[in-house]
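This is what each chain is made of:
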Amino acid sequence: MDSVRIFDTTLRDGEQSPGFSMNTEEKIRMARQLAALGVDVIEAGFPISSRGDLEAVQQVAREVRTVPIAALARAKKQDVNAAIEALEPAAAPRLHIFLATSDLHLRVKLNMTREQALEAISSMIRLGRNHVGEVEFSAEDAGRTDIGFLCQVCQVAVDAGATVLNLPDTVGYAVPDEYGAMFEQVRAHLDDPQGITLSAHCHDDLGLAVANSLAAVRAGVRQIECTVNGIGERAGNAALEEIAVALAVRKESFGVTTNIKLDELFHSSRMLSEITGAAVAPNKAVVGANAFAHEAGIHQDGIIKNPLTYEIISPETVGVPSRSFVLGKHSGRNALKVALRNLGYEPSEEELAECYRRVTTLADEAKQVRPRDLVAIAHEVMRRRPTTVAAEASSAA
Ligand SMILES: [Zn+2]
């Protein structure tokens, strides 16, 4: 089966978004976890942006030896030189050069003609290749670039020595079928070249970053650029954990594998939250606090009978300690029975009915019933100690 490489840009695209900056020590800590997670490339920074960022990339490159380290550069001599300097200690360096190729960006932002753009792409990739074995080129705003010119850009980049072609939807404007078709056209134009990897990089402005990335995989893309928790510019990048789990759960459909160790996903997500102080939304796919929590009685009952009824991924698969049943006003008797049993109580039918009546009354007032509330209710109703000693914290609430 074909493998899709996961290019993590948490420490670059993620880090450069408001509220997510990290110091060198934090970058190293996160980079080590990314290596444990099994990502194929770690983009560690944008060295021209500051001396501190350049040194952070160097430190990450010294500390993490098992994963290729990438550094970003505009198609400018001073950027490329800074990135080369930053990558000098890397065991497996990757120079990542980008230039915007849409007419809007060329005219308004760069004041360049298409010919000047092609010349800059070619000369900077050649400069990079003289110092670094692997050069990736990104056509910024590829999603809004004239397809004919984009094909020309890709050919020039390949001729200059780039081996990875990244075609980002920089502004999160693309929709899946369109984004996939762009890659198909580029592949056809380049005649499916051996040794060249096409790469997707999507932003979530329309909530489509993951869907667009998966459409790119269907169109033959074999590298996806993404971030832990989907952090990144504006609405963020495609979320690494969602892509990895989608490709694993729907393996039959996509026919590809990744090197991601799924059971490291939850830990990676929590480490990033802890470092940046930015919490993950409770309803976030895969790693949100509610991703494996069930409150509705019908759902709790189904899960107890067989988790497949309401879960397509088990919590253990992605490293979540355990699923949780929330005891609230929507909960059912069966979940309450399991919660009581976890606390060591074996209620009779009448006792269960009485506990249920009290739990729902309390839930109406307090929204959620905490483990110690449940213990108090059970103790009062059953007038006896638990039959077995179980930790109060065990998944009762
Ligand atoms: Zn980006």
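Summarised in this report is the structure supplied together with it. Residues take numbers from 1 onward in each chain, read along the sequence in its written order. In view of the model being predicted, local features appear only for residues whose pLDDT reaches at least 70, and side-chain atom pairs are presented and counted only at 80 or more, with totals across whole chains, interfaces and linings using the full set of residues. The basis for the side-chain values is all heavy atoms of the structure; hydrogens and waters are excluded.

### Side note on the overall build of the chain
If you tally the helices and strands in the chain, you get 16 helices and twelve strands. Structurally, the chain occupies a C-alpha span of about 85 × 40 × 40 Å along its principal axes. Under the scheme applied here, a residue whose accessible area is under 20% of the maximum for its type counts as buried, over 50% as exposed, and between as partly exposed, the area being computed with a 1.4 Å probe on protein chains only. A total of 397 residues make up the chain; the buried ones form 52% of that total. Counting only carbon and sulfur atoms, one obtains 50% of the accessible surface of the chain, whose full area is about 17400 Å². Here the chain holds 41 positive side-chain charges and 53 negative ones, and the gap between their average locations is 4 Å. Only runs of H or I of at least four residues qualify as helices and only runs of E of at least two qualify as strands under DSSP, and these elements are numbered from the N terminus. Where accessible areas are quoted, they stem from the Shrake-Rupley method and a 1.4 Å probe; at the residue level, only the protein chains shown are allowed to cover. Positive residues here are Lys and Arg, negative ones are Asp and Glu, while His and the chain termini are left out of the count. For the purpose of locating charges, the reference atoms are NZ of Lys, CZ of Arg, CG of Asp and CD of Glu.

### What about the layout of surface pockets?
Empty space within the largest pocket amounts to approximately 270 Å³. What lines the largest pocket is a set of 16 residues, among which Arg12, Asp13, Phe98, Glu140 and Thr170 lie closest to the centre. Looking at the lining of the largest pocket, the elements that each hand over two or more residues are α1 (10-14), β5 (93-100), β6 (134-140) and β7 (164-169). Under the scheme applied here, ten amino acids are nonpolar (Ala, Val, Leu, Ile, Met, Phe, Trp, Tyr, Cys and Pro), four are charged (Asp, Glu, Lys and Arg), and all others, including Gly, are polar. A per-class count over the lining of the largest pocket returns four nonpolar, seven polar and five charged. Cavity means a closed set of points on a 1 Å grid over the protein atoms alone, one where a 1.4 Å probe fits but cannot get out, pocket means an open set with protein on both sides within 12 Å along at least 5 of 7 lines, and lining means a residue has an atom within 4 Å of a point. Grid points are joined across faces, edges and corners, and a volume is the space filled by probe spheres set on the points.

### Some remarks on the side chain of His201
Relative to the elements of secondary structure, His201 occurs in strand β8 (residues 197-202). Relative accessible area serves as the criterion here: at 5%, His201 is assigned to the buried category. We call two residues in contact whenever any of their non-hydrogen atoms come within 4.5 Å of each other. Those residues in contact with His201, other than ones at most four positions away along the chain, are Thr9, Arg12, Asp13, Asn166, Leu167, Pro168, Asp169, Tyr179, Glu225 and Asn237.

### Looking at the pairing of strand β2 (residues 5-8)
Note on pairing: two strands pair once DSSP finds at least 2 bridges between them. Pairing geometry for β2 and strand β9 (residues 223-226), over four bridges, is parallel. Each bridged residue has a counterpart across the sheet, and for Phe7 the counterpart in β9 is Glu225.

### As for helix α15 (residues 349-366)
Here a helix's expected span is defined as the number of its residues, less one, multiplied by 1.5 Å. Between its first and last C-alpha atoms α15 spans 25 Å; for 18 residues at 1.5 Å apiece the expected length is 26 Å, and the two agree. Listing the buried residues of α15 in full gives Glu351, Leu352, Cys355, Val359, Thr360 and Ala363. Mapping the buried residues of α15 onto a view down its axis gives an arc of 160°, with all of them on the same face. Across α15 from its buried face, at more than 90 degrees, point the exposed residues Glu350, Asp364 and Glu365. Summarising the geometry, the arc corresponds to the directions from the helix axis toward the C-beta atoms.

### Thoughts on the pattern of salt bridges
We count a salt bridge whenever a side-chain nitrogen from Lys or Arg sits within 4 Å of a carboxyl oxygen from Asp or Glu. Taken as a whole, this structure holds 25 salt bridges when the rule is applied. Here Glu134 and Arg94 are joined by a salt bridge, their closest N and O atoms 3.3 Å apart. Note that Glu134 is positioned in strand β6 and Arg94 in strand β5, a separation of 40 residues in sequence. Arg94 gets classed as buried once you look at its relative accessible area, which sits at 1%. Residues joined by salt bridges that share partners form a network here, namely Glu354, Arg357, Arg358 and Glu380.

### Notes on the sheet that holds strand β3 (residues 41-45)
In spatial order, the strands read β2-β3-β4-β5-β6-β7-β8-β9; together these eight strands close into a barrel with parallel pairing. Each adjacent strand pair in this sheet contributes to an overall mean axis angle of 25°, direction not counted. Looking at chain direction, β6 and β7 are connected through three bridges and run parallel. The partner of Glu136 across the bridge, within β7, is Val164. Contacting β4 (69-74) and β5, helix α4 (residues 77-87) runs over the sheet at an angle of about 165° to β4. Here, axes are lines fitted to C-alpha atoms. For helices the fit covers the stretch in contact, and angles between N-to-C directions go from 0 to 180 degrees.

### Section: the packing of helix α9 (residues 209-218) against helix α10 (residues 240-249)
The N-to-C vectors of α9 and α10 enclose an angle of 45°; their axes lie 10 Å apart at closest approach. Taken together, the axis directions place α9 and α10 in an arrangement best described as oblique. Judged by the twist between their axes, the crossing of α9 over α10 is right-handed. Each of Val210, Ser213, Leu214 and Val217 in α9 lies in contact with α10, whose residues at this interface are Glu242, Ile243, Ala246 and Leu247. Class assignment for the residues of the contact of α9 with α10 results in six nonpolar, one polar and one charged. Roughly parallel means an angle under 35 degrees; roughly antiparallel means over 145; roughly perpendicular covers 65 to 115; every other angle is labelled oblique. Take the far helix as your reference; a near helix turned counterclockwise from it by less than a right angle gives a left-handed crossing, and one turned clockwise gives a right-handed crossing.

### Brief notes about the pairing of β7
Extensive coverage of β7 is indicated by the burial of six of its six residues. Here β7 shows two buried faces, one formed by Val164, Asn166 and Pro168 and the other by Leu165, Leu167 and Asp169. Note on handedness: a crossover is taken as right-handed if, strands pointing away from the viewer, the path from the first strand over the helix to the second is clockwise. Regarding topology, helix α7 (residues 147-160) serves as the crossover connection from β6 to the parallel β7, and that connection is right-handed. Here six bridges tie β7 to β8, and the two strands are oriented parallel to one another. Counterpart to Leu167 in the pairing with β8 is Ala200.

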